[in-house]
Amino acid sequence: MIRLSTLLLIAGMALAACQPAAPPLDSSGQPLPVAYKIGKREAAKIPFRMLDSVNALRSSAALGPLVLDEKLTAAAATHSRDMQVQNRPWHFGSDGSSPVDRVRRVGFTGTLVGEVISETYETELATLGAWMGQPDTRRIILSPQANKMGFSWYQEDNGKIWWTLVLGN
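Note that the structure is a prediction, hence the values are computed from the model and not measured.

Chemist: Could you give me a rundown of the pattern of salt bridges, with the residues and numbers involved?
Modeler: Under the defined criterion, the tally for this structure stands at six salt bridges. Of the charged contacts in the structure, one is a salt bridge between Glu124 and Arg49, with a shortest N-O distance of 2.7 Å. You can see Glu124 sitting in helix H5 (residues 124-132) and its partner Arg49 sitting in helix H2 (residues 40-60), a full 75 residues away along the chain. Given a relative accessible area of 1%, Glu124 falls into the buried group. A relative accessible area of 26% places Arg49 in the partly exposed class. Close ionic contact of Lys160 with Glu119 constitutes a salt bridge, the shortest N to O distance being 2.8 Å. Taken as a pair, Lys160 in the loop between strand E3 (148-155) and strand E4 (161-168) and Glu119 in strand E2 (residues 112-120) lie far apart in primary sequence, 41 residues in all.

Below, the structure written as C-alpha cells:
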C-alpha cells in the first residue's frame, strides 16, 4: 500500500511539473506580450498568409480578391526598412519620398490605392486585425479599386517589426 501511495504521489508530482509556466503579467494582470520572431521558414509563408487573410476579409465584404505584386512588394520592403532607419512609422521616406514616389521608383505603372504601416512586436495577422479596427486603414484594405497588393516588413534584432502593406490597381 505504501508503494502504491508513493508511486501515485510521484506520478502526481511528475504531472504537475508538466504544466506550462504561467506567463509573466504586467501591472494590470495582463500577460506581457511576447516578441514574434520571424524565421527564414516562416518568412516565405507570411506574404501568402496575409494575402489569404486580406482576401477573406474582402470576400466577406463582397469585394474582389487581390494578387501579390512584386513591384508593390519591393516598394513595401524599401519603406519598411526606411521606417526602421528613421525609427518612426510614417508615410514619408527619409529622402522625403511619398508612397506614390516609392511605387513609381520600382516601376509600378498602375495607380496607388493606399499604404498601411505599423510598428509592432505582433504577428502579421494581429497587425491586420489592428488595421481593420481603424477606419482609415480599413478603408484602404477594403477599397473596391484595389486589385494588387504588396506586403513586406523589416524585423529588428529586438523583435520589433515594421510592417508595410501597399495596395494598387
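More follows now that the structure is in view.
Chemist: Mind laying out the sheet that holds E2, listing which residues take part and the relevant values?
Modeler: Strands sit in the order E1-E3-E4-E2 across an open sheet of four strands; the sheet is mixed. A single partner strand is all that each edge strand has here, and the edge strands are strand E1 (67-68) and E2. Looking at chain direction, E2 and E4 are connected through eight bridges and run antiparallel. Across the sheet, the residue bridging to Thr120 is Ile161, located in E4. The sheet strands contacting H5 are E2, E3 and E4, and the helix crosses E2 at an angle near 120°.

Chemist: Could you give an account of the pairing of E3, naming the residues involved and the relevant values?
Modeler: When you tally the buried positions in E3, you get six out of eight residues, the bulk of the element. Note that E1 and E3 share two bridges and pair parallel. If you follow Leu68 over to E3, its bridge partner there is Met149. Where E3 lies against E4, eight bridges are found, and the strand directions are antiparallel. Opposite Gln155, over in E4, you have Ile161 as the bridge partner. The turn linking E3 back onto E4 is made up of five residues, and Gly159 within it adopts a positive phi angle of 100°.

Chemist: Explain unusual backbone geometry to me, and be specific about the residues and the numbers.
Modeler: Within the chain, Ala62 stands out as a residue other than glycine whose phi angle is a positive 60°. Tracing the backbone shows Ala62 in the loop between H2 and E1. In this structure Ala62 comes out as exposed when scored by relative accessible area, which is 73%. One non-glycine residue with positive phi stands out, namely Asn87, at about 55°.

Cut-offs used in this document
- For every chain, the first residue of its written sequence is number 1, and the numbers climb from 1 along that sequence.
- Side-chain atom pairs in this predicted model are given and counted only at pLDDT of 80 or more, local residue features only at pLDDT of at least 70, and totals for whole chains, interfaces and linings cover all residues.
- Computation of side-chain values: all heavy atoms of the structure, hydrogens and water removed.
- Take a side-chain nitrogen of Lys or Arg and a carboxyl oxygen of Asp or Glu: if they are within 4 Å of each other, that pair is a salt bridge.
- The way it works is that DSSP assigns letters per residue, a run of H or I at least four long becomes a helix, a run of E at least two long becomes a strand, and they are numbered from the N terminus.
- Summary of the burial criterion: residues with accessible area below 20% of their type's maximum are buried, those above 50% are exposed, and those between are partly exposed, where the area comes from a 1.4 Å probe applied to protein chains only.
- The rule for pairing is simple: two strands pair if DSSP sees at least two bridges between them.
- The criterion used for residue contact is that any of the two residues' heavy atoms lie within 4.5 Å.
- Here the axes come from fitting lines to C-alpha atoms, over the contacting stretch only for helices, and the angles between their N-to-C directions go from 0 to 180 degrees.

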